[in-house]
Amino acid sequence: MFNDIGALELLTLVVLAVLVFGPEKLPKVIQDVTRTIRKIREFSDSAKEDIRSELGPQFKDFEFEDLNPKTFVRKQLMDGNDDLGIKEIRESFDLRKEMAEVTDAVNGRESATSAGAAGAGAATAAAPDLLKKPAQPAKDERPPFDADAT
């Protein structure tokens, strides 16, 4: 519940509680808050058990956490259920190859996959070095104008 509260925030909350309630009333306020939280948890647990008993035996393994969309998607797609072939698609996707093809297309070169498809004996082009800095233009040469960038 309080996983994202740091030490400084907790200390600030304690100091504020002492200032607002005073050192005499603070223990009683803490007891009242913990008692209220305990009652809310008991009410929640009893409501969950009532719902499970009303649903019947076919929903005995039903978990309320599965109603969270993030959990539901993770359970349906990422677990052993591979009816859609998600695992196969994920393994076949090669980001470096895709980026090299996009770079080749932007630079007007023929990519390695299309060169292999065009001619069976054609040599495959090496992937461009993305870390290499481009050559500096001459001082009197104007840089290329890109209308989309402005």
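Reading the values: rules and limits
Residues numbered from 1 in each chain as written. Predicted model: local features only at pLDDT ≥ 70, side-chain atom pairs only at ≥ 80, totals over all residues. Heavy atoms only, no water. Salt bridge = Lys/Arg side-chain N within 4 Å of Asp/Glu carboxyl O. Helix = DSSP H or I, 4+ residues; strand = E, 2+ residues; numbered from the N terminus. Buried < 20%, exposed > 50% of the residue type's maximum accessible area, 1.4 Å probe, protein only. Expected span 1.5 Å × (residues − 1). Arc of directions from axis to C-beta.

Draft legend 1. Looking closely at the pattern of salt bridges. Scanning all chains against the criterion turns up three salt bridges. The partner of K28 in a salt bridge is D32, with the nearest N and O atoms 3.4 Å apart. Highlighted residues: K28 and D32, both in helix α1 (residues 7–55), separated by four residues, approximately one helical turn. The class for K28 is exposed, based on a relative accessible area of 52%. A relative accessible area of 28% means that D32 is categorised as partly exposed. Two residues, E49 and R52, come together in a salt bridge whose shortest N-O distance is 3.4 Å.

Draft legend 2. The arrangement of helix α4 (residues 95–107) in detail. Taking 1.5 Å per residue, 13 residues should reach 18 Å; α4 reaches 18 Å between its end C-alpha atoms and fits that length. Along α4, the residues that are buried comprise A100, T103 and D104. The arc enclosing the buried residues of α4, seen along the axis, measures out at 100 degrees, which places them on a common side. Opposite the buried face of α4, at more than 90 degrees from it, the exposed residues are L95, A105 and V106.

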